[in-house]
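Chain by chain, the residues run as shown.
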Amino acid sequence: MKKNLTQYLIEQERQTQSVPTELRLLIETIARTCKAIAQAVNKGALGNVLGSQDTENVQGEIQKKLDVISNQMLLDANEWIGCLAGMASEEMELPHPIPAHYPTGDYLLLFDPLDGSSNIDVNVSIGTIFSILRQPEAAKGRVATEQDFLQAGTQQVAAGYAVYGPQTMLILSIGQGVVGFTLDRETGSWLLTQESIRIPEETQEFAINMSNMRHWEAPVKRYIDECLAGKEGPLGKNYNTRWIASMVADVHRILNRGGIFMYPRDHRESVRHGKLRLMYEANPMSFLVEQAGGASVDGSRRILDLQPEHLHQRTGVILGSKKEVERLQKYHQEAN
């Protein structure tokens, strides 16, 4: 019989002391909320959840109905459980304080409630990404501020994502490798189906939005040109291109069979510092990828070492199979 999520977390608590009871409760609550989000996603037009709102998020992007619904689900489920000092979401400008009538805890939760939401209406896999930090020691006993969240990705105690696709899956790391759970829709249980996810060091697949080629920096263009040169080129092998335009779906593929995902900064003013959010997307995904034996950089620097300056900071992201990422990192360092 397969272990469920609670059994896995309790075993980790007993064996490695890496999952205190408060953290286990928090992860279980996030996972339970992801089940509810999956149900809303699965209903689609039948649940009147498709289409856009008449609102924008803090980044000026038009919000989908499911963006707003998922965000509120995560807030409502987690604010009362007593594990958190505060929450922050890609959809909100400021941190969400825990209401005064609820108990607080020692953790901070950051999340992208529905990554890839531009794909909702065309039924492509989307997901929820989350990152868990400890509240700084000096901040305990007070309402969490934005400054409390601004910790390097190396400080994450857990991270993961749920992907809503043909199967609903939860991918999780508590700093002891990466594991995968599949939602049994008949019982409502998250069952352990992948005990040790590892990314192959080399790959013959790359994922990047080729329509932005004219804007790329020289190191990225050099690497892609070498990939496209195929077996006769300097890399000596033929590459396939994969691009879903949903980070959760692209990273999920890489965790399962290798590859390199690139959403680099480029010469456009809007993407000069990168497109993806450091705190809500890059840090949790980099944590998972490194725990699975891969690598993740912003170009020349390891993403998990970056010191955030504000909650909605953007960054370039290059992650996946270690040798491929290191090759592209070397090209960036040579160009600097």
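Glancing now at the overall build of the protein chain. Tallying secondary structure elements over the protein chain gives eight helices and 17 strands in all. Relative to the 2.2 N^0.38 estimate, which gives 20 Å for 336 residues, the radius of gyration of the protein chain is 19 Å and therefore close to what a compact globule would have. With respect to the principal axes defined by its C-alpha atoms, the protein chain has extents near 65 × 45 × 45 Å. Each of the 336 residues in the protein chain was classed as buried or not, and the buried ones make up 58%. Across the protein chain, contacts joining residues at least 24 apart in sequence account for 64% of those joining residues at least 6 apart. With the model as given, the accessible surface of the protein chain reaches about 14,500 Å², and the carbon-plus-sulfur share is 47%.

Moving on, we come to empty space enclosed by the protein. Considering all chains together, one arrives at two cavities of 30 Å³ or more under this definition. Taken as a whole, the largest cavity holds about 60 Å³ of empty space. The wall of the largest cavity is formed by Ile 208, Asn 209, Asn 212, Trp 216, Met 262, Tyr 263, Pro 264, Asp 266, Arg 268 and Val 271. Partitioning the lining of the largest cavity into residue classes produces six nonpolar, two polar and two charged. Within this model, the second largest cavity holds a volume of roughly 30 Å³. Forming the boundary of the second largest cavity are Leu 110, Ser 131, Leu 133, Gln 151, Gln 156, Met 279, Asn 283 and Pro 284. Every element with two or more residues in the lining of the second largest cavity is listed here: strand 6 (126-134) and helix 7 (278-291). Partitioned by chemical class, the residues of the lining of the second largest cavity number four nonpolar, four polar and no charged.

Scanning the entire structure with this criterion turns up 23 salt bridges. Here Lys 3 and Glu 11 are joined by a salt bridge, their closest N and O atoms 2.8 Å apart. Since its relative accessible area comes to 25%, Glu 11 is described here as partly exposed. Through salt bridges that share partners, Glu 205, Arg 242, Asp 250, Arg 253 and Arg 257 make up one connected network.

Packed helices, taken two at a time, are described by the angle their axes make and the gap between the axes. Where helix 6 (residues 247-257) meets helix 7, the axes come as close as 11 Å, and the angle between the chain directions of the two elements is 10°. For the element pair helix 6 / helix 7, the angle class is roughly parallel. For the pair formed by helix 6 and helix 7, the contact residues are Met 247, Val 248, Val 251 and Leu 255 on the first element and Glu 281, Met 285, Leu 288 and Val 289 on the second. Here the contact of helix 6 with helix 7 is built from residues that sort into seven nonpolar, no polar and one charged.

Moving on to the sheet that holds strand 13 (residues 260-263). The five strands are arranged 12-11-13-17-15 in an open sheet whose pairing can be described as mixed. Taken across any chain shown, the strands that pair with only one partner, and hence form the sheet edges, are strand 12 (240-241) and strand 15 (295-297). Lying over the sheet, helix 6 contacts strand 11 (205-207), strand 13 and strand 17 (317-320), oriented at roughly 30° with respect to strand 17.

By size, the foremost hydrophobic cluster in this structure holds 43 residues, and its most contacted members are Leu 26, Leu 109, Ile 132, Tyr 164, Leu 172 and Phe 181. One finds Ala 207, Met 247, Val 248 and Val 317 within the second-largest nonpolar core, a separate group that totals 27 residues.

With that settled, the discussion passes to the environment of Asn 4. Along the polypeptide, Asn 4 turns up in the segment before helix 1 (5-16). For Asn 4, a relative accessible area of 26% gives the class partly exposed. In this structure the C-alpha to C-alpha distance between Asn 4 and Ser 246, which are 242 residues apart in sequence, comes to 27 Å. Ignoring sequence-local partners within four residues, the contact set of Asn 4 consists of Phe 181, Trp 190 and Leu 191.

This paragraph deals with the pairing of strand 3 (residues 84-89). Counting buried positions over the six residues of strand 3 gives six, a clear majority of the element. Where strand 3 and strand 5 (residues 107-115) come together, five bridges link them in parallel fashion. By the bridge assignment, Leu 84 is partnered in strand 5 with Tyr 107. The loop that links strand 3 with its antiparallel partner strand 4 (residues 96-97) comprises six residues.

To continue, consider the state of the cysteines. Across all of its chains, the model carries zero disulfides by this definition. Free of any disulfide, Cys 34 has its nearest neighbouring cysteine sulfur in Cys 83, separated by 15 Å.

With that out of the way, let us pick up the sheet that holds strand 8 (residues 168-173). The mixed open sheet is built from eight strands, whose spatial order is 4-3-5-6-7-8-9-10. Two strands bound the open sheet, and with one partner strand each, they are strand 4 and strand 10 (189-194). Contacts between helix 1 and the sheet are confined to strand 8, strand 9 (179-184) and strand 10, with strand 8 contributing the most and set at about 5° to the helix.

Turning our eyes to something else, we now look at the packing of helix 5 (residues 218-228) against helix 8 (residues 322-335). In contact at an axis separation of 9 Å, helix 5 and helix 8 are set at 140° when each is read in the N-to-C sense. By the criterion of interaxial angle, the relationship of helix 5 to helix 8 is oblique. Helix 5 and helix 8 meet at a crossing whose hand is right-handed. Between helix 5 and helix 8, the contacting residues are Pro 219, Val 220, Arg 222, Tyr 223 and Glu 226 on the first element and Glu 324, Arg 327, Leu 328, Tyr 331, His 332, Glu 334 and Ala 335 on the second. Classifying every residue of the contact of helix 5 with helix 8 by side-chain character gives six nonpolar, one polar and five charged.

The rules we used
- Residues numbered from 1 in each chain as written.
- Predicted model: local features only at pLDDT ≥ 70, side-chain atom pairs only at ≥ 80, totals over all residues.
- Heavy atoms only, no water.
- Helix = DSSP H or I, 4+ residues; strand = E, 2+ residues; numbered from the N terminus.
- Rg over C-alpha atoms; globule rule 2.2 N^0.38 Å.
- Buried < 20%, exposed > 50% of the residue type's maximum accessible area, 1.4 Å probe, protein only.
- Contact = heavy atoms within 4.5 Å.
- Areas by Shrake-Rupley, 256 points an atom, 1.4 Å probe, with all protein chains shown as cover.
- 1 Å grid on protein atoms, 1.4 Å probe; cavity = no way out; pocket = protein on both sides within 12 Å on 5 of 7 lines; lining within 4 Å.
- Points joined across faces, edges and corners; volume = space filled by probe spheres on them.
- Nonpolar A, V, L, I, M, F, W, Y, C, P; charged D, E, K, R; others polar.
- Salt bridge = Lys/Arg side-chain N within 4 Å of Asp/Glu carboxyl O.
- Axes fitted to C-alpha atoms, helices over the stretch in contact; angles between N-to-C directions.
- Parallel < 35°, antiparallel > 145°, perpendicular 65-115°, else oblique.
- Pairing = 2+ DSSP bridges.
- Core = buried A, V, L, I, M, F, W, Y, C linked by side-chain atoms within 4.5 Å.
- Disulfide = S-S within 2.5 Å.
- Left-handed = near helix turned anticlockwise from the far one by under 90°.

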